[in-house]
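A look at the structure
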Amino acid sequence: MSLSLEVKKFINSEHTGEYIEIELPGEIEVPRPRVKKPKAAPLPEGEDGAETAPEPVEEVPAVQHERARIHYIEAGTGEPLLLIHTIGQSFYTWRKVFNRLSEHYRVIAPDLFGHGYSDRPLTFGYSIEEHTEALIRFMDALKISSAHIAAFSMGSAYALRLAMDHPERVGRMVLLSPGGITPEMPLTVRMIDSPLLGFAACRLYGLKTVEKLLQESVFDLTNITQDVVQEYYRPASDPEGRRAIRLSLQNYEDEDIVANLRQLSADTLILMGTEDKWHTAETCELYHAAMRSAGFAVVRNAGHLMHEEKPDRFVAALLEFIPVVMP
């Protein structure tokens, strides 16, 4: 199948993707209905004859967990490979590699909560810890005891937190341009991250903004067509989607993860494009140097969206790093 047909089929996967419901990490309190107590019995004869006043009844809140749906696509057999996108994206970012990877692994590409076609739960905090816990519960719902992981950009923090907290659930990891918000990132991203300006910046998050962000994240501008811009913008065009992006950025606290990279036991490969304007080679090298078992490779003539610009190079590197286990 040609690449263009693969991509067209993938775009239509919005209609063939699946949903699975999980319990959210946070708790919400729901007041229980007030229960009327029967009146107290009258006092025995010979006393003042007054009836004992009923004791006041307190409303004790009932704790329950909200449930929400995660949208995902899945294909292939073999060892599970979980693909994690970054903030502001959806499963669409894997369109050029998904089908080819599914020839070798059981590939699962979810939309993070608040992103893509997953639910936008109002009680979800969008912190690294909550996104990570949601991924664990997603794996549990699909009965995946352990998976290899490929994660992109800020999505790498969710993969690293998962591997640190649950090392038994992670095989090998491929991190594409890992890191958080940097001074090199566009002003729009840094404004959304601001507690003061974030709300206003989100309201300006339109089609032209998405197009500009995409153009700044590639080396070859011909990769950014109007179809690509539309597909990126469509699931983030609603107010709840923009709110999820804002909160995910503002609650992105990865200092503890970076400080404890030495504890990571999973074998890891770090990839980045030589023309990446958002995460420099020094940023990625910091991750590489801190890990005990990590490789590092660069892909020429590729920007931040290296896996979209150079899908062949990405697939080849992943296949070399994660051995294919034949059934």
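Because the structure is predicted, anything quoted here is derived from the model rather than measured. (Residues numbered from 1 in each chain as written. Predicted model: local features only at pLDDT ≥ 70, side-chain atom pairs only at ≥ 80, totals over all residues. Heavy atoms only, no water.)

1. A short note on the overall build of the protein
How we decide: Secondary structure counts use DSSP, requiring at least four H or I residues in a row for a helix and at least two E residues in a row for a strand, with both numbered from the N terminus. By definition, residues are in contact when any of their heavy atoms lie within 4.5 Å. Residue-level accessible areas treat just the shown protein chains as cover; the underlying method is Shrake-Rupley with a 1.4 Å probe.
Assigned secondary structure in the protein consists of 13 helices and 10 strands. Counted over contacts in the protein with a minimum sequence separation of 6, partners at least 24 positions apart contribute 79%. Surface accessibility of the protein: about 15,900 Å² in total, with carbon and sulfur atoms responsible for 53%.

2. Some points on the sheet that holds strand β8 (residues 170-176)
Note the following rule: Any two strands between which DSSP finds at least two bridges are classified as paired. To define axes, lines are fitted to C-alpha atoms, for helices over the stretch in contact only, and angles between the resulting N-to-C directions are given on a 0 to 180 degree scale.
Sheet architecture is open: 8 strands sit in the order β1-β4-β6-β5-β7-β8-β9-β10, paired in mixed fashion. Only two strands of the sheet have a single neighbouring strand rather than two, namely β1 (18-23) and β10 (294-299). When strand polarity is set aside, the average angle formed by the axes of neighbouring strands in this sheet is 25°. Looking at chain direction, strand β5 (residues 80-84) and strand β6 (residues 106-110) are connected through 3 bridges and run parallel.

3. Re helix α4 (residues 155-165)
Put simply, the rule is: Throughout this description, buried means an accessible area under 20% of the type-specific maximum (1.4 Å probe, protein chains only), exposed means over 50%, and partly exposed covers the range between.
Burial within α4 is extensive, with 10 of its 11 residues counted as buried. For α4, the set of buried residues is Gly155, Ser156, Ala157, Tyr158, Ala159, Leu160, Arg161, Leu162, Ala163 and Met164.

4. Comments concerning the confidence of the model for the protein
For clarity, the cut-off: pLDDT is defined as a per-residue confidence score from the predictor, taking values between 0 and 100.
Within the protein, residue pLDDT values average 85, and 80% of them lie at 70 or more. Per-residue pLDDT stays below 50 along residues 1-6; that stretch engages in 6 contacts with residues further than four places along the chain or on separate chains. In this model, residues 28-38 is a region of pLDDT below 50 whose contacts with residues beyond four sequence positions or in other chains number 21 contacts.

5. Observations regarding the pattern of salt bridges
Using the following cut-off: Criterion for a salt bridge: a side-chain nitrogen of Lys or Arg within 4 Å of a carboxyl oxygen of Asp or Glu.
In this structure the tally under the stated criterion is 14 salt bridges. The shortest N-O distance in the salt bridge between Arg120 and Asp238 comes to 3.1 Å. One end of the pair, Arg120, is in the loop between β6 and α3 (128-141); the other, Asp238, is in the loop between α8 (226-233) and α9 (239-250), and 118 residues separate them in sequence. Residue Arg120 is classed as buried on the basis of its relative accessible area of 18%. Given the relative accessible area of 22%, Asp238 is considered partly exposed. Here the salt bridges share partners, and the residues they tie into one network are Glu21, Glu23 and Arg67.

6. Observations regarding the packing of aromatic side chains
Put simply, the rule is: Note on ring pairs: Phe, Tyr and Trp rings are taken, using the six-membered ring of Trp, and paired if centres are within 6.5 Å. Classes follow the plane angle, with under 30 degrees stacked, over 60 edge-to-face and the rest tilted.
Counted under the stated rule, the structure contains 7 aromatic pairs. Note on Tyr72 and Phe138: the rings are 5.3 Å apart at their centroids and 75° apart in plane angle, and the pair reads as edge-to-face. Here Tyr72, found in strand β4 (residues 67-75), pairs with Phe138, found in helix α3; they are 66 residues apart in sequence, far enough to count as distant. With relative accessibility at 5%, the residue Tyr72 sits in the buried group. For Phe138, a relative accessible area of 0% corresponds to the buried category. Ring geometry for Phe91 against Tyr117: centres 6.4 Å apart, planes inclined by 55°, an arrangement best described as tilted.

7. Structural notes on the environment of Ile73
Note on placement: Ile73 falls in strand β4. Overall, Ile73 belongs to the buried group, its relative accessible area being 6%. Sequence separation of Ile73 and Ile108 is 35 residues, and the distance between their C-alpha atoms is 5.8 Å.

8. Some points on the pairing of β10
As paired strands, strand β9 (residues 268-273) and β10 are joined by 6 bridges and run parallel to one another. Looking at the pairing, Thr268 lines up with Ala294 of β10.

9. Brief notes about the packing of α3 against α4
Quick reminder of the rule: Orientation labels follow simple angle bins: below 35 degrees gives roughly parallel, above 145 gives roughly antiparallel, 65 to 115 gives roughly perpendicular, and whatever is left gives oblique. Two helices crossing with the near one rotated counterclockwise from the far one by less than a right angle form a left-handed crossing, whereas a clockwise rotation gives a right-handed crossing. For this classification, the nonpolar set comprises Ala, Val, Leu, Ile, Met, Phe, Trp, Tyr, Cys and Pro, the charged set comprises Asp, Glu, Lys and Arg, and every other residue, Gly included, is treated as polar.
For the pair α3 and α4, interaxial distance at closest approach is 9 Å and the crossing angle is 70°. As the angle between them shows, α3 and α4 are arranged roughly perpendicular. As for the relative orientation of α3 and α4, their crossing is right-handed in sense. Every residue of α4 that contacts α3 at Ile128, Glu129, His131, Thr132, Leu135, Ile136 and Met139 is listed here: Ala157, Tyr158, Arg161 and Leu162. Taken together, the residues that form the contact of α3 with α4 break down as 7 nonpolar, 2 polar and 2 charged.

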